[in-house]
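Notes for the structure review
So you can see what is in the structure, the chains are spelled out below.
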Amino acid sequence: VATLVYDKRGCGESDGTLDNATFADLASDLAAMVEAASKLPDIQKNKIGLLGIDQAGLIMPSVAATSGKISYMVNLSGSALPMRESELQA
């Protein structure tokens, strides 16, 4: 089992600014992490999964739908509503 954990832009020790980041930006960041992980020699390319909390529940499906490299997702306390509704309620 291998795990790749990262902070959102501007959070923790990550570079960048979260204030101006869109969901598309955050999805792009996740897609870059998936792409990097898929190139590691010890990673089984057909068993890459995503585990996310909160907003990741909105971002993971969009990345999984476009990357073709995700075989499963675990959504912990993510929204069951579409992104627009979730943001309006927030």
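This is a predicted model, so every value here is computed, not measured. (Residues numbered from 1 in each chain as written. Predicted model: local features only at pLDDT ≥ 70, side-chain atom pairs only at ≥ 80, totals over all residues. Heavy atoms only, no water.)

Thoughts on the environment of Lys-8
Which entries qualify depends on this criterion: Under the scheme used here, helices are H or I runs from DSSP no shorter than 4 residues and strands are E runs no shorter than 2 residues, and both carry numbers assigned from the N terminus. Whether two residues are in contact is decided by their heavy atoms, any of which lying within 4.5 Å being enough.
Assignment of secondary structure puts Lys-8 in the segment before α1 (23-38). Note: C-alpha distance between Lys-8 and Leu-30 (22 residues apart in sequence) is 9.2 Å. When sequence neighbours within four positions are dropped, the list of residues in contact with Lys-8 reads Ser-14, Leu-18, Leu-26 and Gln-55.

Re the pattern of salt bridges
Basically, it comes down to this: Throughout this description, the term salt bridge denotes a Lys or Arg side-chain nitrogen within 4 Å of a carboxyl oxygen of Asp or Glu. Each residue's exposure class comes from its accessible area (1.4 Å probe, protein chains only) as a fraction of the maximum for that residue type: buried when under 20%, exposed when over 50%, partly exposed otherwise.
Overall, the coordinates contain 3 salt bridges when judged by the stated rule. The closest approach of N and O atoms between Glu-35 and Lys-69, which form a salt bridge, is 2.7 Å. Of this pair, Glu-35 sits in helix α1 while Lys-69 sits in the loop between α2 (56-67) and β2 (72-76), and the two are 34 residues apart along the sequence. Since its relative accessible area comes to 31%, Glu-35 is described here as partly exposed. Classification of Lys-69 as partly exposed rests on a relative accessible area of 27%. Within the structure, one salt-bridge network assembled from shared partners comprises Glu-35, Lys-39 and Lys-69.

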